[in-house]
Amino acid sequence: MERKLPREMTGAELKSMLKSSINFKSLGGIRCEELNLSPKDKQWWRDAKIGLFIHWGLYSILGRGEWVRYNEKIPKEEYEALADEFIPEDFSVKEWIELAKDFGAKYAVMVTKHHDGFSLWNSEGSYEHFTSYHRGAHRDFVKEYVDACRAAGLRVGLYYSPMDWRFPGYFDPKGLPENAALMKEQCYRQVEELCSKFAPVDILWYDGGWLAHKGSDVTSAWFWEPVKLNKIARSYNPKMLINPRSGWEGDFYCDEGSHEISGKIIPVPWEKNMCICSGCSWGWMPEDPVSDFNWLISMMVNVVCRDGNWLVNIGPDRNGKISKEITERMRQIGAWLSEYGESIYGTRGGPFEPVDNVYGSTYKKDKVYLHILDTAAFEHEIIPKPKDNEILRASMFDSTIVEIQDCQGGFRLKLPKTVNLDTIVILKMKKEVIGCNDTDIHFTGKE
Ligand code: GLC
């Protein structure tokens, strides 16, 4: 049978046709079919829905953001001396993983090396052995993390930044090719180390595959040769998901930051990554306000109803401790998920297109979950009749029956008086629900 080619969609179409506020990063990466995972291989990730992101490193000592070295032009010696002070007291990575579980995450992604070059494992490939293993702490935190994830049944994700501010060649790759080549060599050795030592890795999450703070991961692909790099990564982990930020197109799309999510369902594997706090910094900052619970729940629902995953970042302090405020908020979300998780995990976005700020839906087998964000506005909404299917019953989570009123063009639901945030109505259908599983859209990045 002839293989159907994916439908190509430009950035302008994403915005106009799908009326989307989603802003996918690093679009237009090099294509290489040999590297692509099959939809089946990505299924666990799409079912997992919720992940925990962790930014922790030398910048957590200073508390002024993970870009502090670059932003404040801290001299090399001064910044690198922090490596001898990075000795967390009375800390076990298990604390993070316990919180990940309490939060309801099914996977985690830990920063193993950020743009400052400090590596959190015993890395022989690290230029000048700038690692937590060779310096102050003498600990391999990535190993501790991987072991803790496995013991807790969490899928393992590793964040890695190819670029590294320690190399003058990063800022001038053409003028200082030898130095830039050293940085590239470090990247290849370290990616290979991560992918071999900690195999099987479930997610490889790149960031910072650009050069000299110009252009993008994609325009810097001439330098990094991401297809070659990812072939090495894949040789150790044939089923690992890889994000698009190495300059190769990757296995899923990324939307980054705290902006709201609106528009239609994007039925492709995609992930929103954002901070639990204000988003001013991904690393620890004292008194960074934790986001409001209701706002976070709406964000999660808006992402999942549009078929995305939600990766939420925390920044532990220099001792690896997570603040009381963050811990409480994560547990609060986790408590919500343990009650209503059936409507999130293992679902797909749809079959109804979301109406911004009013409602959206998810479905699994013969059930549709209507997530209602504004009950007053929802009462006026006419929901289209599902195609080739029949609603047998509508009920709340506590089994209270919800009245269905047929009307022209669809039906309305008469909700019991409730002021719950994200009121969920379950529609029990006669047959399995078929969503808009048009996974063959390919976003080109062209405007
Ligand atoms: C942004 C930040 C970077 C952070 C990343 C997480 O690119 O600049 O510091 O690690 O987001 O996705």
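Residues numbered from 1 in each chain as written. Predicted model: local features only at pLDDT ≥ 70, side-chain atom pairs only at ≥ 80, totals over all residues. Heavy atoms only, no water.

### As for the site of the ligand
Around the ligand, the surrounding shell consists of F53, H55, E66, W67, H114, Y159, W205, D207, R245, E256, N273 and W282. Between an oxygen atom of the ligand and a side-chain N or O atom of H55, the distance comes to 2.6 Å. For the shell around the ligand, a count of residues per class yields five nonpolar, three polar and four charged. (Near = heavy atom within 4 Å. Polar contact = N/O pair within 3.5 Å; in protein donor to acceptor, adjacent residues only side chain to side chain. Nonpolar A, V, L, I, M, F, W, Y, C, P; charged D, E, K, R; others polar.)

### Let's talk about the sheet that holds strand β5 (residues 203–206)
Spatially, β6-β5-β4-β3-β2-β9-β8-β7 is the arrangement adopted by the eight strands of the open sheet, whose pairing is parallel. Either end of the sheet is taken by a strand with one partner, and the two such strands are β6 (241–242) and β7 (253–256). Pairing between strand β8 (residues 270–275) and strand β9 (residues 308–314): six bridges, direction parallel. Bridging from a neighbouring strand, W270 pairs with G308 of β9. Each of β3 (107–113), β4 (155–160) and β5 touches helix α9 (residues 177–197); the most contacted strand, β4, lies at about 170° to it. Here helix α12 (residues 293–305) sits on the sheet and contacts β2 (50–54), β8 and β9; the angle it forms with β9, its principal contact strand, is near 145°. (Pairing = 2+ DSSP bridges. Helix = DSSP H or I, 4+ residues; strand = E, 2+ residues; numbered from the N terminus. Contact = heavy atoms within 4.5 Å. Axes fitted to C-alpha atoms, helices over the stretch in contact; angles between N-to-C directions.)

### What to know about the sheet that holds strand β11 (residues 359–364)
Where strands meet in a sheet, backbone hydrogen bonds hold them as pairs that are either parallel or antiparallel. Judged by pairing direction, the sheet is antiparallel, and its five strands sit side by side in the order β10-β11-β12-β16-β13 without closing on themselves. With partners counted over all chains shown, the strands left at the sheet margins are β10 (348–349) and β13 (391–396), one partner each. Where β11 meets strand β12 (residues 367–372), six bridges bridge the pair, whose relative direction is antiparallel. The partner of T362 across the bridge, within β12, is Y369.

### Description of the domain arrangement of the chain
What the domain assignment reports for the chain is domain 1 (24–343) and domain 2 (350–429). Counting residues at the interface gives 17 residues for domain 1 and 18 residues for domain 2. Summed over both sides, the interface between domain 1 and domain 2 buries roughly 1500 Å², with carbon and sulfur atoms accounting for 61% of that surface. Contact with domain 2 buries area across many residues of domain 1, yet C305, E342 and S343 alone supply 37% of it, more than any other trio. (Domains from an automatic or database assignment. Buried area = accessible area lost by both parts, 1.4 Å probe.)

### With respect to the pattern of salt bridges
This model, assessed by the stated rule, comprises 32 salt bridges. In this structure, the salt-bridge partner of D202 is R155, at a minimum N-O distance of 3.1 Å. Of this pair, D202 sits in the loop between α9 and β5 while R155 sits in strand β4, placing them 47 residues apart in sequence. In this structure, E225 engages K184 in a salt bridge whose closest nitrogen and oxygen atoms are separated by 2.6 Å. Taken as a pair, E225 in the loop between α10 (221–224) and α11 (226–236) and K184 in helix α9 lie far apart in primary sequence, 41 residues in all. Overall, the relative accessible area of 33% leaves E225 in the partly exposed class. Through salt bridges that share partners, K25, D207, R245 and E256 make up one connected network. (Salt bridge = Lys/Arg side-chain N within 4 Å of Asp/Glu carboxyl O. Buried < 20%, exposed > 50% of the residue type's maximum accessible area, 1.4 Å probe, protein only.)

### Topic: the pairing of β4
Burial of β4 is extensive: five of the six residues sit out of reach of the surface. Strand direction decides the pairing type here: β3 and β4, joined by six bridges, are parallel. The residue bridging V109 from the neighbouring strand is G157, located in β4. Handedness of the crossover is the feature at issue here: the chain leaves β3, passes through helix α7 (residues 141–152), returns alongside β4, and the resulting connection is right-handed. Across four bridges, the pairing between β4 and β5 is parallel. Bridging from a neighbouring strand, Y160 pairs with Y206 of β5. (Right-handed = clockwise from strand over helix to strand, strands pointing away.)

### Remarks on the side chain of N313
Relative to the helices and strands, N313 is located in strand β9. Residue classification places N313 among the buried positions, given a relative accessible area of 2%. A distance of 2.9 Å separates a polar side-chain atom of N313 from the backbone oxygen of W282. Apart from residues no more than four positions distant in its own chain, N313 is found in contact with F53, I54, H55, M274, C275, I276 and W282.

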